[in-house]
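Observations on the model geometry
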Amino acid sequence: GAGTALVSLPGRGLCSSQTKDWWTYEFCYGRHIQQYHLEESEIKGDVLILGYYQSTFDWDDEAAKASKQHQLRRYHSQSYVNGSRCDLTGRAREAEVRFLCEEGAGDYIARVDEPQSCSYVLTVHTTRICHHPFLRPPPGLAPQPIRCQPALSPAQYVQYVRAQVSDTKRKVEEISEELRTLDTRLWSDKDSETPSQPPRGTHGDGTAPVPTPEGQQSLCPPLTPRGTAQPITSPVSPCPSHPPVPSPLVDPRKKIHFKVIRSPGDLLQFIEELKETTRK
């Protein structure tokens, strides 16, 4: 069957090696995987066993069929375990060998990865599994030409830019007109609130007399006209030389509010808020 054909990949014990940086990896099919350092074609130092052959993936096994892992990635695999003890994990080293189809090539180690400490994945390219329907590379799709052309012709682009500029000018003019209308309305409302005649009970200069409780005399002497003797007051006297005149433009009960305008949208929203405040 297909599973049996894949088990006899190369001849048992056939070895191949690859040097990657400091280490050389030697894979002997169906036997073991070794790692060592070469200097002038001689092994220097210890030889580490990455694993001894344990099992081969069975394509006829129901659990294997259910996993779909090998079919999706189109590889056949073997497990190698009980290698040299790992100082980092305290466990034996282990490895997985993945066979990928490559037409017209011999058997060779394409890459060696160590996704976890002392746990390795060797990828071997070979033509020996290309007959298997699950491992054959997917048929290549014919390349489709990509034709690029501008979304707008030069004339259409110029027309688009002009329309954008015209639209921007129109928005600016609308905002300016809104501001002028709002400014006129606010000032007219302010003028209507200002009385033309001073209210009753005020002096001619617009200031109100200081109220005195009934049955008590004012603690402050009356102000004397200019040219006459002024009463002498001590520095701590509560009586001022002249009553304070409140400014009609400043109301201490009102706070100044401000808005930061960063875009035309913020400005339009601010105008709407001002309109609502004016209605209230």
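Residues numbered from 1 in each chain as written. Predicted model: local features only at pLDDT ≥ 70, side-chain atom pairs only at ≥ 80, totals over all residues. Heavy atoms only, no water.

An unreviewed UniProt entry lists the protein under the name Endoplasmic reticulum lectin, with Neodrepanis coruscans given as the organism. What the UniProt record of the protein gives under Sequence similarities (unreviewed entry) is the line "Belongs to the OS-9 family." Under Subcellular location (unreviewed entry), UniProt gives the following word-for-word description of the protein: "Endoplasmic reticulum lumen". (UniProt positions renumbered as here; feature names shortened; annotations may be inferred.)

**Things to note about the pattern of salt bridges**
Throughout the structure, instances matching the rule amount to eight salt bridges. The salt bridge partner of R85 is D87, with a shortest N-O separation of 3.8 Å. Given a relative accessible area of 56%, R85 falls into the exposed group. Three or more residues are tied together by salt bridges with common partners; here these are D167, R170, K171 and E174. (Salt bridge = Lys/Arg side-chain N within 4 Å of Asp/Glu carboxyl O. Buried < 20%, exposed > 50% of the residue type's maximum accessible area, 1.4 Å probe, protein only.)

**Points about the state of the cysteines**
Note on terminology: a disulfide is the covalent bond linking the sulfur atoms of two cysteines. The full count for this structure, using the stated rule, is three disulfides. Note that C86 is cross-linked by a disulfide to C118, the S-S spacing being 2.1 Å. One disulfide, between C86 and C118, carries an S-S torsion of 65° and so falls in the right-handed class. One end of the pair, C86, is in the loop between strand 5 (76-81) and strand 6 (94-101); the other, C118, is in the loop between strand 7 (108-116) and strand 8 (119-126), with 32 residues separating them in the sequence. For C86, a relative accessible area of 1% corresponds to the buried category. A sulfur-sulfur separation of 2.0 Å characterises the disulfide bridge that pairs C101 with C130. Taking the sign of the S-S torsion, 105° for the link of C101 and C130, the bridge is right-handed. Placement of C101 in strand 6 and of C130 in the loop between strand 8 and helix 4 (154-193) is noted, with a sequence separation of 29 residues between them. Of the two residues, C101 and C130, both sit in the buried class. (Disulfide = S-S within 2.5 Å. Helix = DSSP H or I, 4+ residues; strand = E, 2+ residues; numbered from the N terminus.)

**Some details on the packing of aromatic side chains**
For the structure on display, the rule yields five aromatic pairs. Relative to Y29, the ring of F27 lies with its centre 6.4 Å away and its plane at 85°, an arrangement referred to as edge-to-face. As far as the burial class goes, F27 and Y29 line up, both buried. Summarising the aromatic geometry, the rings of F27 and Y80 are spaced 5.8 Å apart at their centres and angled 80° between planes, so their arrangement reads as edge-to-face. Separated by 53 residues along the polypeptide, F27 in strand 2 (residues 23-28) and Y80 in strand 5 bring together distant segments of the chain. The class for F27 is buried, based on a relative accessible area of 4%. When its relative accessible area of 0% is taken as the criterion, Y80 is described as buried. Members of the aromatic cluster, joined through ring pairs, are F27, Y29, Y53, Y80 and F99. (Phe/Tyr/Trp six-rings, centres within 6.5 Å; stacked < 30°, edge-to-face > 60°.)

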